[in-house]
Amino acid sequence: MSFNLSKLEKAFMLLDKGIEEGVFPGVAAAVGDNKGFVRVEVKGNKKLYPYDEKLNRESLFDLASLTKVVATTMLLMKMLESGLISVYDRVSEYIPNFKGDGKDKITIFQLLTHTSGLPAYLPFYEKCKDYLDSINYICEEVKLNPNKNVEYSDLNFILLGRILEILGGNRLDTLCHKEVFEPLGMKDTMFNPIGKDVVPTELDKTTGKVIEGVCHDENARFFGGVSGHAGLFSTIDDLVKFATMLINFGRVREEVFLSYPLFIRMITNYTPNSEENRGWGWVIKGHTAFGGDLFSEKAFGHTGFTGTSIWVDPEYKVFMILLTNRVHPTRENVKIIRFRRLFHNAVLSALDWRN
């Protein structure tokens, strides 16, 4: 299949409509396939406060929870391939004080698929002294919810990030740069983008200043900007490189970044009878509203709270990336949820089955 370019043009016109209707101040979008076709558009403003400033193609977006799949999941996959870890290892094998309340039975697999029973979120920046104190708090104070089959939880990936640090003997940002970003040529993907052209996020009601240059997520910011659940920044062009690897089932040109057997396991739906379909880190489309109306059941993706997303359809062999600053100036703007579905539908409608 290939794209009908006139129909694809109409799909990209929705980006202008999104800006006009206040879905987001600015957007960097990309659509591509497994044959090497890529279209990138960058539109609108990267900031509105305290003054308007145009978005650049080189601007770094706060990826928020895309960190979970672009950084943490990928690093875990690389360590799994190297024989350092198994998804069926218990968390307590790496963090011994993760015990009590049934925690000693929880596996890496359950963290990856959000089936651990850990709660969705806790404000560690209000409860704890620092990052390691927060890890101990999860281990010793947090209770599991045995009645919830799937509950998307930042805590799962905070723990995964810590486990990878223990395995790798270094901080998560250093490990990800070496094992993931550098091999994929993602030169502008990083935690703590000091001195870079960064897209601002929310207007902080407490300080009256826009959050700029540091991550939007309060817990990740409290952890020093580096966490398994949030904190990563990247550009549209770097994420095109990442998505191109995904649409080619782990291959980068003639090189293999992820082995085919591992890739297939990563995008398998392990929770088909739940409200949320989960692979290893990824959301799987299945029969849900995630991603839009027209993706195949095997499509997989992830979103970030700041207004970012990556979706890949291995059946139709296309990927879509939307990077926005929808939380600028306020997180109360949730129009991105519906817009994302409409944009994805329009792009998939532009596929020409005759080619």
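Residues numbered from 1 in each chain as written. Predicted model: local features only at pLDDT ≥ 70, side-chain atom pairs only at ≥ 80, totals over all residues. Heavy atoms only, no water.

The chain has the name Beta-lactamase family protein in an unreviewed UniProt entry, where Caldanaerobacter subterraneus is given as its organism.

Novice: In this structure, what is going on with the nonpolar core? I would like to understand it.
Specialist: Across soluble globular proteins, you tend to see nonpolar side chains buried next to one another. Core analysis: the largest hydrophobic core is formed by 80 residues, its most contacted members being Val70, Met74, Phe242, Leu246, Met266 and Ile321. Two domains share this core, each providing at least three of its residues, namely domain 1 (2–66 + 188–352) and domain 2 (74–172). Counting 24 residues, the second largest nonpolar core, distinct from the first, contains Ala11, Val23, Phe24 and Leu348. (Core = buried A, V, L, I, M, F, W, Y, C linked by side-chain atoms within 4.5 Å. Buried < 20%, exposed > 50% of the residue type's maximum accessible area, 1.4 Å probe, protein only. Domains from an automatic or database assignment.)

Novice: Could you clarify how one ought to interpret the sheet that holds strand 3 (residues 38–47) in this entry?
Specialist: With antiparallel pairing, the seven strands of this open sheet are ordered in space as 4-3-2-13-12-11-10. Only two strands of the sheet have a single partner each, and these edge strands are strand 4 (53–54) and strand 10 (283–284). Alignment of strand 2 (residues 26–33) against strand 3, held across seven bridges, turns out to be antiparallel. Within strand 3, the residue paired with Val27 across the bridge is Lys43. Of the strands in this sheet, strand 2, strand 3 and strand 13 (318–324) are in contact with helix 1 (residues 5–20), which crosses strand 3 at around 10°. (Pairing = 2+ DSSP bridges. Helix = DSSP H or I, 4+ residues; strand = E, 2+ residues; numbered from the N terminus. Contact = heavy atoms within 4.5 Å. Axes fitted to C-alpha atoms, helices over the stretch in contact; angles between N-to-C directions.)

Novice: Help me out: how do you make sense of helix 1 in this one?
Specialist: Structural remark: α-helix, 3.6 residues per turn; residues separated by three or four positions point the same way. An ideal rise of 1.5 Å per residue puts 22 Å on 16 residues; helix 1 measures up with 23 Å between its terminal C-alpha atoms. All of the buried residues in helix 1 are Leu8, Ala11, Phe12, Leu15 and Gly18. Down the axis, helix 1 shows its buried residues gathered within 90° of arc, on one side only. Exposed residues pointing more than 90 degrees away from the buried face of helix 1 are listed as Lys10 and Glu20. Its buried side turned inward, helix 1 meets strand 1 (2–3), strand 2, strand 3, strand 13 and helix 11 (336–349). (Expected span 1.5 Å × (residues − 1). Arc of directions from axis to C-beta.)

Novice: Looking at this structure, how should I read the packing of helix 2 (residues 67–81) against helix 7 (residues 172–181)?
Specialist: Each pair of packed helices gets described by two things: the angle between the helix axes and the distance between those axes. Interhelical geometry of helix 2 versus helix 7 gives an angle of 65° and a closest axis separation of 9 Å. Comparing their axes, helix 7 and helix 2 come out roughly perpendicular. For the pair helix 2 and helix 7, the sense of crossing is left-handed. Contacts between helix 2 and helix 7 involve Val70, Ala71, Thr72, Met74, Leu75, Lys78 and Met79 on the former and, on the latter, Leu172, Leu175, Cys176, Glu179, Val180 and Phe181. (Parallel < 35°, antiparallel > 145°, perpendicular 65-115°, else oblique. Left-handed = near helix turned anticlockwise from the far one by under 90°.)

Novice: Sorry, what's going on with the side chain of Arg326 here?
Specialist: Looking at where Arg326 falls in the secondary structure, it is placed in the loop between strand 13 and helix 11. Here Arg326 is in contact with Val23, Phe24, Pro25, Phe305, Thr306, Gly307, Arg331, Asn333, Val334 and Ile336, once residues within four sequence places are set aside.

Novice: What is the right way to look at helix 5 (residues 131–140) in this model?
Specialist: Those residues of helix 5 not exposed but buried are Tyr131, Ser134, Ile135, Ile138 and Cys139. When helix 5 is viewed along its axis, its buried side chains cluster within an angular range of 140° and face the same direction. If you follow the buried residues of helix 5, they end up packed against helix 4 (124–127), helix 6 (154–168) and helix 8 (218–222). Put simply, Asp130 is the residue that caps the front of helix 5, since its side-chain oxygen is 3.4 Å from the backbone nitrogen of Leu132. (Polar contact = N/O pair within 3.5 Å; in protein donor to acceptor, adjacent residues only side chain to side chain.)

Novice: Just checking my understanding: could you explain the packing of helix 1 against helix 11 for this structure?
Specialist: The contact between helix 1 and helix 11 brings their axes to 7 Å, and the two run at 165°. Put simply, helix 1 runs roughly antiparallel to helix 11. Crossing geometry of helix 1 relative to helix 11 is assigned as left-handed. In contact with Lys7, Leu8, Ala11, Phe12, Leu14, Leu15 and Gly18 of helix 1, helix 11 contributes Phe339, Leu342, Phe343, Ala346, Val347 and Ser349. Residue composition of the contact of helix 1 with helix 11, by class: ten nonpolar, two polar and one charged. (Nonpolar A, V, L, I, M, F, W, Y, C, P; charged D, E, K, R; others polar.)

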